[in-house]
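A closer look at the structure
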Amino acid sequence: MITLEQEIFEALRPDLPEAEFEALALKLFRHQAEHNAVYRGYLANTGVVAAAVKDWRGIPALPSRAFKQYRVATFPEGEAVRVFRTSGTTRAETGRHEFKNLEHYERAASGMFRAALAVDHRQVWLLLVPPPEDRPESSLSWMLDSLARTLAPGRVHWCVDREGRVDGGALRAAVQRCGEENQPVFLAGTSLALADFMEREDFLPLPEGSVVMDTGGFKGRQREVNPFLHYKQMSKVFGVDLRQIWNEYGMTEMSSQAYACVAEGIHRYPAWVRARLLDPATGREAAVGQRGLIQWIDLANVGSVLALATLDTAIADSGGLRMQGRVQGADLRGCSLAYEA
Amino acid sequence: MSEPESTQQRIVEVAAVFALRPDLGVTGPDSLRALLEGELGHEEALDRFVPLPKGGMARAMAPFSIYHICAGNLAISAETSLLLGLLLGSELIFKMPEVGLPDLERTVKGLPDSLRGKVTVLKQHDETLMQDSDAVVVFGSDQTVREVAQTVDWRQRFLAYGHKISFGYLPASADPAVWAELAVREILAYDQLGCLSPQSYLCEDPDSVPIFAFALAEALERTGLTPSQLPFEASALILEARQRAELAGDKVHVPRSVVGWTVVERKRNAIEPGPGFGFVEVVPLGDWTELLTPWLGYLSSVGVAAETVPVSILKFWQACGISRVCRMGRLQQPPLNWRHDGRPRLADLVTWQTMDPEIAPEAG
């Protein structure tokens with residue numbers, strides 16, 4: 001007999017039909033409503049009866065901050081094979097996402113990455129994040145390592161020092177070597193790491209056919225960074241067209257990712273994921289063209305919770321999301337604590 | 001010639017402008033005279049040498065110019081500064097927040113010429129003007145205050161008003177239903193974004209928590225008031241705070257229309273300030289130390305649902321930095337002689353010239 005986990009695993013494919021998504025989302029929701037104690041308590045406190053939910057749009061989203069306060073899992077403590085932790089922003093508390101297995105995560109990450117980016121077996125991977133052995137709790141390190149193992153075996157350089165800072169010398173040397181060998185690269189790192197590197201480096205052209213990907217935005221950064229100028233500078237410094245620059249949207253609390261080619265600016269997510277945009281004033285879905293809070297339904301979140309409420313905002317556009325940033329003041333709470341001069 | 005020559009003339013002019021503003025505590029010229037006397041010891045201390053209680057004389061000198069950096073959440077703080085600055089006769093510069101302060105700008109525009117000429121409103125920060133000012137007053141977040149503090153010269157008088165929270169306290173003897181009616185007005189005033197806005201109501205009797213929360217929710221609903229045109233961010237933070245409370249297993253009361261006020265019935269002895277705009281929590285009061293310790297440095301005022309407070313509690317509150325105690329319902333109506341963050345508002349700005357008892361001023 002096929003288990004729910006196996007059913008979900010099979011569903012993590014680009015051609016997943018709507019009806020199958022709907023059926024699996026409801027099935028997984030009911031499973032998690034029963035086996036995830038935190039989610040069960042949340043549903044009870046908000047008066048939601050799982051059996052009464054008949055549409056994936058009606059699945060209540062658990063606030064992502066739950067991962068910072070509680071153990072959000074459907075399986076017993078001690079059975080996790082991996083724990084990813086959120087990096088944290090301005091607050092000391094960090095969240096944890098436990099995984100009973102990583103097969104769903106790996107399949108979800110790989111499926112969407114391959115579908116979205118023009119990265120194949122040609123590129124040499126230059127990664128501006130610490131390798132997973134140095135940061136075993138970083139989901140980004142693990143994801144890039146997992147992708148690299150299948151897409152670029154033996155062609156990966158982790159261009160960071162022991163403290164996890166970008167090793168500019170190693171990156172420059174690797175780019176130069178690839179240039180000499182006319183070998184395209186896949187350069188990936190956090191938005192902060194790339195911005196910091198570009199503050200020190202004016203021009204480091206990548207070989208033709210190269211792709212650049214950043215992720216994470218500018219959470220916790222003191223000065224404001226204009227994304228348009230950031231990508232324009234990236235294009236100039238690395239000598240790549242905006243069509244070759246991608247942004248990954250991901251969060252530790254999710255198992256799937258969304259990608260946007262920055263020339264287009266629309267994040268697209270896989271067939272096993274849905275995004276619901278909520279009008280915070282009414283608690284209902286935002287009107288077409290209106291900015292809303294993103295709530296994700298991610299089938300790959302099989303061992304925790306599939307429906308997540310975030311404080312990230314977006315406008316729906318052409319089947320994807322035009323990201324509008326995180327709610328200001330989300331990390332500063334209370335009274336005038338929420339307000340800046 | 002437009003500048004009032006004496007404090008008395010300024011009192012009359014300022015009282016005329018602010019007489020229709022009971023929210024600022026001005027009831028007429030006498031209230032301003034009392035303020036000056038209370039803070040400076042004599043209502044004419046800015047004009048002439050006045051005798052000191054134990055001999056000698058002293059004259060107060062107001063700053064020639066005061067540079068204000070205003071916060072975007074509350075116009076009344078800046079308006080109060082305007083009132084006090086005009087009373088002192090100083091040149092006043094107000095740097096507006098990005099969002100502007102329409103109420104303050106309206107008040108400034110409505111000033112008579114004699115006072116209007118004393119006030120400059122800036123859209124952009126002017127570092128030179130700030131450096132040239134005798135005093136700098138800043139309202140804002142910790143970060144804003146810290147940044148400004150780094151640029152102020154030690155010779156300048158520097159007053160900072162940062163983040164603060166206030167709360168209500170219901171002793172076991174208080175009737176929750178009666179006090180809930182009174183609390184509503186202080187919750188909704190100024191969109192609950194000021195330092196005097198109550199964030200929490202602490203019930204000494206845990207059985208009062210659901211009663212007070214329910215009564216508060218009913219009273220808030222009866223007002224029929226909903227914040228109009230809430231910014232997206234504010235709505236999002238309200239939604240998130242409601243979700244957080246539900247996640248913690250707390251009962252959340254919201255209006256029938258969903259949009260508007262929120263009352264959270266907490267289960268534990270902890271203060272968790274909300275995002276403003278009518279968001280309050282009702283907390284079962286346990287150990288005071290445990291409750292207030294996380295908020296040391298951020299506590300402002302307490303509204304009490306009683307006519308008396310035990311001295312032992314008052315002393316503890318004072319040790320925690322609580323600078324004002326009032327009746328519940330009156331948190332947002334401090335008297336004119338209120339000491340903001342426990343400090344005198346005029347006396348902190350002036351500089352004194354004193355004369356020892358053996359010497360006296362002479363005409364000429």
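Residues numbered from 1 in each chain as written. Chains lettered and ligands numbered in written order. Predicted model: local features only at pLDDT ≥ 70, side-chain atom pairs only at ≥ 80, totals over all residues. Heavy atoms only, no water.

Side note on the overall build of chain A
Across its full length, chain A carries 9 helices and 13 strands. In terms of overall size, chain A behaves like a compact globule, its C-alpha atoms giving a radius of gyration of 20 Å where 341 residues would be expected to give roughly 20 Å. Taken over 341 residues, chain A has a buried fraction of 53%. A sequence separation of at least 24 residues applies to 64% of the contacts in chain A between residues at least 6 apart. Carbon and sulfur atoms provide 50% of the accessible area of chain A, an area that totals close to 14900 Å². Where the 39 positive side-chain charges of chain A centre and where its 43 negative ones centre are 3 Å apart. (Helix = DSSP H or I, 4+ residues; strand = E, 2+ residues; numbered from the N terminus. Rg over C-alpha atoms; globule rule 2.2 N^0.38 Å. Buried < 20%, exposed > 50% of the residue type's maximum accessible area, 1.4 Å probe, protein only. Contact = heavy atoms within 4.5 Å. Areas by Shrake-Rupley, 256 points an atom, 1.4 Å probe, with all protein chains shown as cover. Lys, Arg positive; Asp, Glu negative; His and termini not counted. Charge placed at Lys NZ, Arg CZ, Asp CG, Glu CD.)

As for the sheet that holds strand β7 (residues 157-161) of chain B
Residue and element names in this part refer to chain B. Taken together, the 5 strands give an open sheet; going across it, the order is β5-β4-β3-β6-β7, and neighbouring strands pair in parallel fashion. Each edge of the open sheet carries a strand with a single partner, namely β5 (119-122) and β7. Sheet twist, expressed as the mean angle between neighbouring strand axes with direction ignored, is 15 degrees. As judged from the 4 bridges shared by strand β3 (residues 65-69) and strand β6 (residues 135-139), these two strands associate in the parallel manner. (Pairing = 2+ DSSP bridges. Axes fitted to C-alpha atoms, helices over the stretch in contact; angles between N-to-C directions.)

Regarding the sheet that holds strand β6 (residues 185-190) of chain A
Residues and elements named next belong to chain A. Reading across the sheet, the 6 strands line up as β5-β4-β6-β7-β8-β9 and stay open at both edges, with mixed pairing between neighbours. Edge strands, defined here as strands with exactly one partner in the open sheet, are β5 (156-158) and β9 (258-261). On average, adjacent strands in this sheet sit at an angle of 20 degrees to one another, irrespective of strand direction. For β6 and strand β7 (residues 211-215), the ladder comprises 5 bridges, and the chain directions are parallel. Paired with Phe 186 across the two strands is Val 211, which belongs to β7. Each of β4 (124-127), β5, β6, β7, β8 (245-249) and β9 is contacted by helix α6 (residues 139-151), which is oriented at about 170 degrees to β4, the strand it contacts most. Helix α7 (residues 168-180) rests against β4, β5 and β6 of the sheet, and its axis sits at about 165 degrees to β4.

Focus on the packing of helix α2 (residues 29-40) of chain B against helix α3 (residues 75-88) of chain B
Packed helices, taken two at a time, are described by the angle their axes make and the gap between the axes. All names here are of chain B. The geometry of α2 relative to α3 is characterised by a closest axis approach of 12 Å and an angle of 75 degrees between their N-to-C directions. What the angle tells us is that α2 and α3 run roughly perpendicular. Across the interface between the two elements, Leu 32, Leu 35 and Leu 36 of α2 pack against Leu 83, Leu 84 and Leu 87 of α3. Residue composition of the contact of α2 with α3, grouped by class: 6 nonpolar, no polar and no charged. (Parallel < 35°, antiparallel > 145°, perpendicular 65-115°, else oblique. Nonpolar A, V, L, I, M, F, W, Y, C, P; charged D, E, K, R; others polar.)

Structural notes on the pattern of salt bridges
All chains considered together, the criterion is met by 38 salt bridges over all chains. One salt bridge connects Glu 285 of chain A with Arg 57 of chain A, and the closest N-O pair in it is separated by 4.0 Å. Note that Glu 285 of chain A is positioned in the loop between β10 (273-278) and β11 (292-298) and Arg 57 of chain A in the loop between α3 (37-45) and β1 (62-63), a separation of 228 residues in sequence. With a closest N to O distance of 4.0 Å, Arg 268 of chain B and Glu 272 of chain B form a salt bridge. Residue Arg 268 of chain B is classed as partly exposed on the basis of its relative accessible area, which comes to 33%. (Salt bridge = Lys/Arg side-chain N within 4 Å of Asp/Glu carboxyl O.)

Some remarks on the pairing of strand β13 (residues 320-326) of chain A
Residues and elements named next belong to chain A. As paired strands, strand β12 (residues 307-317) and β13 are joined by 6 bridges and run antiparallel to one another. Bridge pairing links Asp 312 to Arg 326 in β13. Connecting β12 to the antiparallel partner β13 that follows it, the hairpin turn spans 2 residues, and Ser 318 within it adopts a positive phi of roughly 50 degrees.

Some words on the interface of chain A and chain B
Contact residues are listed per partner, giving 35 residues for chain A and 41 residues for chain B. When the two sides are added together, the surface that chain A and chain B hide from each other amounts to roughly 3000 Å², 65% of it contributed by carbon and sulfur. The interface formed by chain A and chain B includes 2 salt bridges. Ionic pairing is found between Glu 240 of chain B and Arg 65 of chain A, a salt bridge with its closest N-O pair at 3.0 Å. (Buried area = accessible area lost by both parts, 1.4 Å probe.)

As for the nonpolar core
One finds Phe 29, Ile 59, Leu 62, Trp 296 and Leu 299 of chain A to be the most contacted residues of the largest nonpolar core, which totals 50 residues. Contributing elements (two or more residues each) for this core: α1 (4-11), α2 (18-35), α3, α4 (66-69), β10, β11 and β12 of chain A. The greatest single-element share of this core, amounting to 7 residues, is contributed by α2 of chain A. Grouped together as the second largest cluster of nonpolar side chains are 46 residues, Ala 15, Met 96, Ala 135 and Leu 159 of chain B included. (Core = buried A, V, L, I, M, F, W, Y, C linked by side-chain atoms within 4.5 Å.)

Thoughts on the pairing of β3 of chain B
All names here are of chain B. Of all 5 residues that make up β3, 5 are buried, and the element is covered over most of its length. Side chains Ser 65, Tyr 67 and Ile 69 of β3 all project onto a buried face; the interleaved residues Ile 66 and His 68 project onto the opposite face, where all are buried too. Strand direction decides the pairing type here: β3 and strand β4 (residues 91-95), joined by 5 bridges, are parallel. Each residue of the ladder has a partner; that of Ile 69, found in β4, is Lys 95. The β-α-β motif built from β3, the intervening α3 and the parallel element β4 has right-handed crossover chirality. (Right-handed = clockwise from strand over helix to strand, strands pointing away.)

Looking at the environment of Asp 120 of chain A
All names here are of chain A. Looking at the element boundaries, Asp 120 is found in the loop between α5 (103-116) and β4. For Asp 120, a relative accessible area of 29% gives the class partly exposed. Here the alpha-carbon distance between Asp 120 and Leu 151, two residues 31 residues apart in the chain, equals 6.5 Å. Contact partners of Asp 120, with chain neighbours within four places excluded, come to Leu 151 and Arg 155. Looking at Asp 120, its side chain comes within polar contact range of the main-chain nitrogen of Arg 122, at 2.9 Å. (Polar contact = N/O pair within 3.5 Å; in protein donor to acceptor, adjacent residues only side chain to side chain.)

Some remarks on the packing of α3 of chain B against helix α4 (residues 102-109) of chain B
Residues and elements named next belong to chain B. At a closest axis distance of 8 Å, the pairing of α3 and α4 adopts a crossing angle of 25 degrees. When the axis of α3 is compared with that of α4, the two are roughly parallel. Across the interface between the two elements, Ala 75, Ala 78, Glu 79 and Leu 82 from α3 touch Asp 103, Leu 104, Thr 107 and Val 108 from α4. Its residues placed into classes, the contact of α3 with α4 shows 5 nonpolar, 1 polar and 2 charged.

Concerning a nonpolar patch on the surface
Residue and element names in this part refer to chain B. On the surface, Val 311, Leu 314 and Val 325 cluster together to form a nonpolar patch covering roughly 230 Å² of accessible area. Structurally, Val 311 is set in helix α12 (residues 311-319). Val 311 gets classed as exposed once you look at its relative accessible area, which sits at 56%. (Patch = residues over 30% accessible without salt bridge, like charges linked within 9 Å, V, L, I, M, F, W, Y side chains within 5 Å.)

Quick word on the side chain of Glu 253 of chain A
Residues and elements named next belong to chain A. Looking at the element boundaries, Glu 253 is found in the loop between β8 and β9. No salt bridge forms around the buried Glu 253; measuring N to O, its nearest opposite-charge neighbour Lys 68 is 6.1 Å away. Filtering out sequence-adjacent residues up to four positions away, Glu 253 remains in contact with Ser 64, Phe 67, Thr 86, His 97, Asn 301 and Leu 308.

Geometry only, nothing functional implied.
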